[in-house]
Amino acid sequence: MGAKRRGAAAAPGKKRGKRDVCAELCAALSDPALKERAAKAWERGESLHHEAAAVEPAPFRHCVIPDFLAEPAFAEALRDELLGLGFRKRRNDLLSLQQSEDLGGRSEPHIAALRHALCEEFRAWLSAVTQIELKPTLDISCAKYEYTDVLLCHDDELEGRRIAFILYLVPAWEKSDGGTLDLYSTDEHFEPQQIIKSLVPSWNTLVFFEVSPVSFHQVSEVVSPKCRLSLSGWFHGPAGAARRSLPRSPHLPRSPHLPRSPHLPCDHEILYEWINQVYLDMDSQAQIQEEFEERSEILLKDFLKKEKYQQLCEALEDKDIQWSSRGPANKRLYEAADEDSLPEGLKEFLRLLRSEALFLLLSNFTGLKLHFLAPSDEDEDAGEGQAADSAGHSSPKAEQEEAEAGADGNPQQPDSVPEAQEGEAQKGSGSTPVCTGELRHWTHGHYTLVHDTQATEFALDLLFYCGCEDWDPACGGFTSYIARGEDEELLTVNPEENCLALVYRDKETMKFVKYINHQSLAGLKKHPNRTGFWDFSFVYYE
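For clarity, every value in this text was computed on a predicted model and none was experimentally measured.

> How should the side chain of Ser100 be read in this particular structure?
Relative to the elements of secondary structure, Ser100 occurs in the loop between strand 4 (95-99) and helix 3 (109-130). The exposure class of Ser100 is buried, given its relative accessible area of 7%. Setting aside chain neighbours within four positions, we find Ser100 in contact with Leu85, Gly86, Phe87, Ser141 and Cys142.

> Got a minute to help me understand the sheet that holds strand 20 (residues 489-493) in this structure?
Whether parallel or antiparallel, the strands of a sheet pair through hydrogen bonds between backbone atoms. Taken in spatial order, the 3 strands line up as 20-19-22 in an open sheet, and their pairing is antiparallel. Two strands in the sheet have a free side with no partner beyond their single neighbour: strand 20 and strand 22 (509-513). Pairwise comparison of adjacent strand axes, ignoring direction, gives a mean angle of 20° for this sheet. Summarising the sheet, strand 19 (residues 479-483) and strand 22 pair through 5 bridges and their orientation is antiparallel. Looking at strand 22, one finds that Thr479 is bridged to Val513.

> Explain the packing of helix 1 (residues 32-44) against helix 3 to me, please; I cannot follow it from the model alone.
Relative orientation and spacing of two packed helices are given, respectively, by the angle between their axes and the distance between those axes. Relative orientation of the contacting elements helix 1 and helix 3 amounts to 45°, with a least axis distance of 7 Å. The pairing of helix 1 with helix 3 is recorded here as oblique in orientation. Judged by residue contacts, Lys35, Ala38, Ala39 and Trp42 of helix 1 engage Trp125, Ala128, Val129 and Thr130 from helix 3. A breakdown of the residues in the contact of helix 1 with helix 3 according to their chemical character gives 6 nonpolar, 1 polar and 1 charged.

> Help me understand the pattern of salt bridges, please; the structure alone is not making it clear to me.
If charged atoms from side chains of opposite charge come close, those side chains can pair. All told, the structure shown has 20 salt bridges when counted by the stated rule. The closest approach of N and O atoms between Glu108 and Arg106, which form a salt bridge, is 2.5 Å. Of the charged contacts in the structure, one is a salt bridge between Asp177 and Lys226, with a shortest N-O distance of 2.8 Å. Of the two residues, Asp177 is situated in the loop between strand 7 (161-168) and strand 8 (181-186) and Lys226 in the loop between strand 11 (217-219) and strand 12 (228-236); the sequence distance between them amounts to 49 residues. Beyond isolated ion pairs, a larger network of salt bridges with shared partners links Glu101, Arg106 and Glu108.

> Looking at this structure, I do not really get the packing of helix 6 (residues 306-316) against helix 7 (residues 344-353). What am I missing?
Contact pair helix 6 / helix 7: the axes reach a minimum separation of 9 Å and the direction vectors enclose 120°. Between helix 6 and helix 7, the interaxial angle falls into the category oblique. For helix 6 against helix 7, the interelement crossing comes out left-handed. In this structure, helix 6 contributes Leu312, Ala315 and Leu316 to the contact, and helix 7 contributes Gly345, Leu346 and Phe349. For the contact of helix 6 with helix 7, the per-class residue count stands at 5 nonpolar, 1 polar and no charged.

> How should the pairing of strand 3 (residues 88-91) be read in this particular structure?
Side-chain direction in a regular strand flips from residue to residue, so the side chains alternate between the two faces of the sheet. As judged from the 4 bridges shared by strand 3 and strand 4, these two strands associate in the antiparallel manner. In the sheet register, Arg90 faces strand 4, and the bridge partner there is Leu97. Joining the antiparallel neighbours strand 3 and strand 4 is a turn of 3 residues.

> In this structure, what is going on with helix 8 (residues 356-366)? I would like to understand it.
Since the α-helix advances by 3.6 residues per turn, residues separated by three or four positions end up pointing in the same direction. With 10 of 11 residues buried, helix 8 is to be regarded as a mostly interior element. Among the residues of helix 8, Ala357, Leu358, Phe359, Leu360, Leu361, Leu362, Ser363, Asn364, Phe365 and Thr366 are the ones counted as buried. At the C-terminal side of helix 8, Gly367 shows a positive phi close to 85°.

Cut-offs applied
- Residues numbered from 1 in each chain as written.
- Predicted model: local features only at pLDDT ≥ 70, side-chain atom pairs only at ≥ 80, totals over all residues.
- Heavy atoms only, no water.
- Helix = DSSP H or I, 4+ residues; strand = E, 2+ residues; numbered from the N terminus.
- Buried < 20%, exposed > 50% of the residue type's maximum accessible area, 1.4 Å probe, protein only.
- Contact = heavy atoms within 4.5 Å.
- Pairing = 2+ DSSP bridges.
- Axes fitted to C-alpha atoms, helices over the stretch in contact; angles between N-to-C directions.
- Parallel < 35°, antiparallel > 145°, perpendicular 65-115°, else oblique.
- Nonpolar A, V, L, I, M, F, W, Y, C, P; charged D, E, K, R; others polar.
- Salt bridge = Lys/Arg side-chain N within 4 Å of Asp/Glu carboxyl O.
- Left-handed = near helix turned anticlockwise from the far one by under 90°.

See below:
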């Protein structure tokens, strides 16, 4: 008797091998009744609560689909393939995370299968529900958010983007782990107002929303050791394809800006009262100016007299000071002091920063003409123009005056005082130096972002820090300077006790204060009476 056959022979012309990988989406997406209900809810701006798909209209239309991938084994294999990819660390004003390359051309079987399912089956379902014609192309990448990683408030608007989506492949996750997808309401000016909904990541759950001028959202900081792994991207379509997208008004009121003003009349005695004597020495000023002209920035340590600095720090802890939050969240988040509520010592220091005497001292430090007594270039050439309490100090180099602002972002000397930005009235005559500034408080969760309406002018930035003893730059809170359109930092100014930082920037140089992360809370335990640090932030214009 012959042996029993163990298996059928392969079909002619077909090789043995693994079966093709296919990404099966949850069966509910093929249910015509559910698709019709979801489309009606989306169109009418109503809620739909269904175990397979939840549609919500507020704060903007979005949908949550749990168990998006039908086969658990496929989702796990997809996660493993993604974790095997190469990731690059991305850090800038808006985000901190690890991101893969675009996955549009990856050949890994589960990645390729998911990409095909998204572009075909899911795209057709999306178009039917949202009534948006979507192209068969897809932007898709993978992101890993680990401890202290964050993506701050933004709206995702970019040419052609119509639907944004996120597929979560996370371990068991709680709201206390951070990493939530926070959705913002908006005010009458289409600016983000407050977080009104937070979606906690969940394994094999997909979230999508329509990209519009009000689709402001963020990924909150991850504050646990878990890895928040997700696939995200955008479906594209013709501009204006979404009937409900809100147009951006060209006449929207912009965020309020600090007023500029000329110096306050004040003699030089205020300098001797507050400032370390070494910085009032004529030779020291000449040396500082020489260094500043070479680098366009300088850090002056122990700037105030020790006793005056101590009094300043004690005054900053006054419980009667009124602080208000500065926003909107897509541009900034920190606290600014109401000057009327400040104790007299702080008011006096602000008078110093706005004083005629300090304008002249800054001229001596930098060579900029911030005071009529400061020597001009014509005076230099003629050997004239000695400033009060100072003589023979050079001004910024002539070649810097003539050079245009370059991509390297090095500060340059302006030929004239620039116009005030964003409709702001310049006080005084066209050649009158002016300043603007405020007292700010910084703590966990605070930041500023580079944004389209940020003024781009020649300017001298002044930063004076208080209460930042033992501050670790890894916590954020530093001021970073970058060239427009670039991520690479040109200069970083870290918070340091009793230090005055001066930075001269050109029209192509932008700045931001890096998000203060969760690590800062551990450092503050050393100073139980403090919740962060303070700075006096001023800008001077020739």
